[in-house]
Amino acid sequence: MADQEQSTSSTFPNPPPFWQDFTPDNLNRIEQLRKSFAEANPTRDVPTRLPDIPESLINLQPPAEPKDGRFRIFGEHFTVRISPPKDPMSSSSLIYPRANQKVQQLENKLVTLEEGGITNLARTHPSRQGDNATPSSSLNRRDVPHTDHALELKRLVKSLLLNFLELAGTLSINPNDGPAKVADLEILLFNIHHALNEYRPHQARESAAELMQEHLDRTRRETTAIRSQVEKARRVLEGLGSLTIPAEAERGAAAAAGEDAAQVAEELRALDRRRDAELWAATDAAFA
Amino acid sequence: MGDRLTQVQDAVDQLAQQFVAALYFVQRRHDLETLGPKDKIFTPKQDGQAPPSEVDSLPVDDFRAGLTELSRDLITKEQQIEYLISMLPGLQNSEQDQERAIKELEEDLKAAESQRREALKERDQILAELDQVIRSIRRP
């Protein structure tokens, strides 16, 4: 029994220890601190992390950004660049217009091939053409379509095949030279994967545009469908309206004739029946 | 089935695996040849615990056919990759084009959404009218 309990309790890892710090009491205290900070600095916005916070409340606010731009998630290493707020034209500001105004951005940066110790073969990608470029040319760079990129990728893949052929040849003549050729293949593969990963942001933007287009089409279709239904309902209403009025008139005339009471009642019933029949016929016609 | 970039990456990985498979095939399934009159093909004795042979030879024709097939597969895969690359989304668009397109779409979306709301309002109105009429049929 004890063993069973042990195994069930260890199925999931324990929550991080600081969850116990989030007591109502502590939450109230940090709220107080925030208020007093806002009062003390009326001109400034309250930052996400208050300075000089008591040790016991330190876990109630998010930790600072990594100083060296490195952090770990689920055992994987990530590098970020803490960049100043971006210019308003940049793509992320389109999607998160507010986030850019105050918050410094953590930018996830792809490790370059050189940083990974791999020879960089292709240099055509717009973002790779010379990091020493002047700011003015960096604007022009974003204007470049990616056709060169595709060409470069195709070249790389062709080289891959050629290098394999060479490897097969080398192995048949002098197997000892094989490893050098394998290293070439490796570099090519790394380059291809890197080039593809560089393309990802571009594809992401493209997919976003595609999704929006789809949504737009759907909304428009919906609007047209609603409109046509409304139109139909309106026609039904008009059909009904043109029918009821003569019936009412007839009935009024019959009542005004002021004949025998029983006869009047009989006529009224007949009129009602006829009116009903006409109404249903009209409704059927309108819905058909 | 992922996005197109992932497809390309998977295809490249498959190509690399095919390289390995092709080399392995050549290494294992070739026939043994004598290079000179003095060479003798070593055959392990059939009796007892003979060590497994280094090569598992195929008949010459089968081996040739295998080579052809593998080479054809390699080239097909490479062509596939090139096709996938030329199918990558938005190759002809630059980043600025994309941003412009997204902005336009955003505005169009807003307009379409407000139109939709209008249509909905109209629909509710007509429904209410219709409802009223239907109720009034019963009463006179």
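Within each chain, residues carry numbers counting from 1 in the order of the written sequence. Starting at A for chains and at 1 for ligands, labels are handed out in the order in which the entities are written. Two thresholds apply to this predicted model, a pLDDT of at least 70 for residue-level local features and 80 or more for giving and counting side-chain atom pairs, whereas whole-chain, interface and lining totals are computed over all residues. Hydrogen atoms and water are omitted, and side-chain values are computed over all heavy atoms in the structure.

**Regarding the overall build of chain B**
Then, in step 1: Looking only at helices and strands, chain B has 3 helices and 0 strands in total.
Then, in step 2: When the elements of chain B are put in sequence order from the N terminus, they spell out α-α-α.
Then, in step 3: By the burial criterion, 27% of the 140 residues in chain B qualify as buried.
Then, in step 4: A contact between two residues is defined here by any heavy atoms of the two lying within 4.5 Å. Considering only intrachain contacts with a sequence separation of at least 6, the fraction spanning at least 24 residues in chain B is 87%. Helical segments are the DSSP runs of H or I of at least four residues, strand segments are the runs of E of at least two, and each set is numbered from the N terminus. Accessible area is worked out with a 1.4 Å probe on protein chains only. A residue is then buried under 20% of its type maximum, exposed over 50%, and partly exposed in between.

**Notes on the pattern of salt bridges**
Then, in step 1: By convention in these notes, a salt bridge is any Lys or Arg side-chain nitrogen within 4 Å of a carboxyl oxygen on Asp or Glu. Tallying each qualifying case throughout the model produces 11 salt bridges over all chains.
Then, in step 2: A salt bridge links lysine 181 of chain A to glutamate 166 of chain A; the nearest nitrogen and oxygen atoms lie 2.7 Å apart. A residue pair is termed long-range when its members are at least 10 positions apart, and lysine 181 of chain A in helix H7 (residues 178-257) and glutamate 166 of chain A in helix H6 (residues 147-173) qualify at 15 residues.
Then, in step 3: A salt bridge links arginine 117 of chain B to glutamate 113 of chain B; the nearest nitrogen and oxygen atoms lie 3.7 Å apart. Of this pair, arginine 117 of chain B and glutamate 113 of chain B both sit in helix H3 (residues 95-138), 4 residues apart, which is roughly one turn of that helix.
Then, in step 4: On the basis of relative accessible area, arginine 117 of chain B is assigned to the exposed category, the value being 53%.
Then, in step 5: Through salt bridges with shared partners, a single ionic network connects Glu222 of chain A together with Glu113, Arg116 and Arg117 of chain B.

**Describing a nonpolar patch on the surface**
Then, in step 1: Taken together, Phe18, Phe22 and Leu27 of chain A make up a surface patch of nonpolar side chains, about 260 Å² in accessible area.
Then, in step 2: Topologically, phenylalanine 22 of chain A is positioned in the loop between helix H1 (2-9) and helix H2 (24-40). Exposure above 30% relative accessible area and no salt bridge define the residues that can form patches, which grow by joining like charges within 9 Å and nonpolar side chains of Val, Leu, Ile, Met, Phe, Trp and Tyr within 5 Å. Accessibility throughout is a Shrake-Rupley quantity obtained with a 1.4 Å probe, and a residue counts as covered only by protein chains that appear here.

**Some points on the nonpolar core**
Then, in step 1: By nonpolar core we mean a set of buried residues, namely Ala, Val, Leu, Ile, Met, Phe, Trp, Tyr and Cys, connected to one another through side-chain atoms within 4.5 Å. Ile192 of chain A together with Val8, Phe19, Ile81, Ile85 and Leu88 of chain B are the most contacted members of the largest nonpolar core, which totals 27 residues.
Then, in step 2: Within the residue set of this core, elements represented by two or more residues are H6 and H7 of chain A together with helix H1 (4-29) and helix H2 (60-86) of chain B.
Then, in step 3: Ignoring anything within four residues of it in the chain, the contact list for leucine 88 of chain B reads Leu153 and Tyr199 of chain A together with Arg4, Leu5 and Val8 of chain B.

**Examining the layout of surface pockets**
Then, in step 1: Estimates place the volume of the second largest pocket at around 630 Å³.
Then, in step 2: For each structure, a 1 Å grid was placed over the protein atoms alone; sets of points admitting a 1.4 Å probe that cannot get out are labelled cavities, open sets with protein on both sides within 12 Å along at least five of seven lines are labelled pockets, and lining residues have an atom within 4 Å of a point. Around the second largest pocket, the lining comprises 21 residues; the ones closest to its centre are Phe164 and Ala168 of chain A together with Ala22, Leu23 and Val26 of chain B.
Then, in step 3: Of all elements in the fold, only H6 of chain A together with H1 and H2 of chain B reach the threshold of two or more residues within the lining of the second largest pocket.
Then, in step 4: Among the elements that line the lining of the second largest pocket, the one with the most residues is H6 of chain A, at 7 residues. Grid points are joined across faces, edges and corners, and a volume is the space filled by probe spheres set on the points.

**Let's talk about the packing of aromatic side chains**
Then, in step 1: Here the aromatic set is Phe, Tyr and Trp, taking the six-membered ring for Trp, and pairing holds for ring centres within 6.5 Å; pairs whose planes are under 30 degrees apart are stacked, those over 60 apart are edge-to-face, and all others are tilted. With the rule as written, the count across this model stands at 2 aromatic pairs over all chains.
Then, in step 2: Ring geometry for phenylalanine 164 of chain A and phenylalanine 19 of chain B: centres 4.2 Å apart, planes at 5 degrees, overall stacked. Highlighted residues: phenylalanine 164 of chain A in helix H6 and phenylalanine 19 of chain B in helix H1, drawn from two different chains. Of the two residues, phenylalanine 164 of chain A and phenylalanine 19 of chain B, both sit in the buried class.
Then, in step 3: Look at phenylalanine 25 of chain B and phenylalanine 63 of chain B: their rings are 5.5 Å apart centre to centre, the planes differ by 10 degrees, and that puts the pair in the stacked class. In this pair, phenylalanine 25 of chain B sits in helix H1 while phenylalanine 63 of chain B sits in helix H2, placing the two residues 38 residues apart along the sequence. Both residues of the pair, phenylalanine 25 of chain B and phenylalanine 63 of chain B, belong to the buried class.

**Thoughts on H2 of chain A**
All names here are of chain A.
Then, in step 1: To estimate the expected span of a helix, count its residues, drop one, and scale the result by 1.5 Å. Between its terminal C-alpha atoms H2 stretches 24 Å, which fits the 24 Å expected from 17 residues at 1.5 Å a residue.
Then, in step 2: For H2, every residue scored as buried is listed here: Asn26, Ile30 and Phe37. Within H2, the buried residues cover an arc of 35 degrees as seen down the axis, which keeps them to one side. The outward face of H2, more than 90 degrees from its buried face, is lined by the exposed residues Pro24, Asp25, Gln32 and Glu39. Directions from the helix axis toward the C-beta atoms define the arc.

**Structural notes on the confidence of the model for chain B**
Then, in step 1: Per residue, pLDDT captures the predictor's confidence, and it can take any value from 0 to 100. Residue-level pLDDT values for chain B average 82, and 85% of them are 70 or greater.
Then, in step 2: What the predictor reports for the complex is a pTM of 0.57 with an ipTM of 0.74.

**Brief notes about the interface of chain B and chain A**
Then, in step 1: Tallying the contact residues gives 53 residues for chain B and 54 residues for chain A.
Then, in step 2: Two parts lose some accessible area (1.4 Å probe) when they are put together, and adding that loss for both gives the buried area. Carbon and sulfur atoms make up 68% of the area that chain B and chain A hide from each other, which totals about 5400 Å².
Then, in step 3: Looking at the side of chain B facing chain A, the largest losses of area belong to Leu5, Gln9 and Glu99 of chain B, adding up to 11% of the total buried there.
Then, in step 4: Across the chain B-chain A interface, the total number found is 3 salt bridges.
Then, in step 5: Across the pair arginine 116 of chain B and glutamate 222 of chain A runs a salt bridge, and its minimum N-O distance is 2.7 Å.
Then, in step 6: Throughout this description, a polar contact denotes any pair of N or O atoms lying within 3.5 Å of each other; where both atoms belong to protein, one of them has to be capable of donating a hydrogen while the other can accept it, and for residues adjacent in sequence the pair is counted only when both atoms sit in side chains. Where chain B packs against chain A, one counts 12 residue pairs in polar contact (both at pLDDT 80 or more).
Then, in step 7: Counting residues per element, the ones that place at least two in the side of chain B that touches chain A are H1, H2 and H3 of chain B.
Then, in step 8: Considered class by class, the residues forming the side of chain B that touches chain A number 26 nonpolar, 10 polar and 17 charged. When residue character is reported, Ala, Val, Leu, Ile, Met, Phe, Trp, Tyr, Cys and Pro are called nonpolar, Asp, Glu, Lys and Arg charged, and the others, Gly included, polar.

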